[in-house]
Amino acid sequence: QVQLVESGGGLVQTGGSLRLSCAASGRTFSSYSMGWFRQAPGKEREFVAAISWSGGSTYYADSVKGRFTISRDNANTVYLQMNSLKPEDTAVYYCAAQPTTLRSYVYTRPYEYRYWGQGTQVTVSS
């Protein structure tokens, strides 16, 4: 069992930056592939970014490529650095974890993830 807790959300102006954190507790964190998703009101949950459990592979949605960066440390935390934020980035952001034996594999679909955090709100004002 893994528990995920997101933090770092908030209100920011267009062009601003935020850094989201996802702290994991429970079983061995290093064997989990991690991802960030977001869900805006009235919309489906969508993929944002993912990182392999080795940290060597990352993947981004086209809408955030070049603006967002996903990373992880050895202290059970995964980050999402968000720069050049736009109003369309407004959503609840969720962290997700999936146990895996595949060192460099990343998952991009919500159903591929077993564990989810409670979400953190990001609001970008125009």
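Refer to the preceding data block for the structure.
Residues numbered from 1 in each chain as written. Predicted model: local features only at pLDDT ≥ 70, side-chain atom pairs only at ≥ 80, totals over all residues. Heavy atoms only, no water.

Engineer: Which parts of the structure should I look at to understand the side chain of Ser21?
Structural biologist: Along the chain, Ser21 turns up in strand S3 (residues 18-26). By relative accessible area, which is 19% here, Ser21 ends up buried. Filtering out sequence-adjacent residues up to four positions away, Ser21 remains in contact with Val5, Glu6, Ser7, Trp36, Thr77, Val78 and Tyr79. (Helix = DSSP H or I, 4+ residues; strand = E, 2+ residues; numbered from the N terminus. Buried < 20%, exposed > 50% of the residue type's maximum accessible area, 1.4 Å probe, protein only. Contact = heavy atoms within 4.5 Å.)

Engineer: Is there a simple way to explain unusual backbone geometry in this structure?
Structural biologist: It is generally the case that most residues other than glycine have a negative phi and that most peptide bonds are trans. Its identity as a non-glycine residue notwithstanding, Ser84 has a phi of 50 degrees, on the positive side. Here Ser84 shows up in the loop between strand S8 (77-82) and strand S9 (91-99).

Engineer: Before we go on, may I ask you to explain the state of the cysteines in this structure?
Structural biologist: Enumeration over the complete set of coordinates arrives at 1 disulfide. Across a sulfur-sulfur distance of 2.1 Å, Cys22 and Cys95 are joined as a disulfide pair. Disulfide Cys22-Cys95: torsion about the S-S bond near -80 degrees, hence left-handed. Of this pair, Cys22 sits in strand S3 while Cys95 sits in strand S9, and the two are 73 residues apart along the sequence. One exposure class covers both Cys22 and Cys95, and it is buried. (Disulfide = S-S within 2.5 Å.)

Engineer: Can you help me understand the side chain of Thr100 in this one?
Structural biologist: Inspection of the secondary structure puts Thr100 in the loop between S9 and strand S10 (115-116). Among residues more than four places away in sequence, those in contact with Thr100 are Ser31, Tyr32, Ser33, Trp53 and Tyr107.

Engineer: Would you mind showing me how to read the environment of Gln81 here?
Structural biologist: In this fold, Gln81 is placed in strand S8. For the pair Gln81 and Ser21, spaced 60 residues apart in sequence, the C-alpha separation works out to 8.7 Å. Excluding residues that lie within four positions of it along the chain, Gln81 makes contacts with Ser17, Leu18, Arg19, Arg67, Phe68 and Thr69. Of the polar contacts made by the side chain of Gln81, one reaches the side chain of Asn83; its length is 2.9 Å. (Polar contact = N/O pair within 3.5 Å; in protein donor to acceptor, adjacent residues only side chain to side chain.)

Engineer: I'm lost on the sheet that holds S8 in this one. Help?
Structural biologist: The strands making up a sheet are joined through hydrogen bonds of the backbone, oriented either antiparallel or parallel. With antiparallel pairing, the 4 strands of this open sheet are ordered in space as S1-S3-S8-S7. The sheet terminates laterally at strand S1 (2-7) and strand S7 (68-72), the two strands that pair on one side only. On average, adjacent strands in this sheet sit at an angle of 15 degrees to one another, irrespective of strand direction. Judged from the 6 bridges that link them, S1 and S3 form a sheet pairing that is antiparallel. Across the sheet, residue Gln3 finds its bridge partner in S3, namely Ser25. (Pairing = 2+ DSSP bridges. Axes fitted to C-alpha atoms, helices over the stretch in contact; angles between N-to-C directions.)

Purely geometric stuff here, so don't read any function into it on its own.
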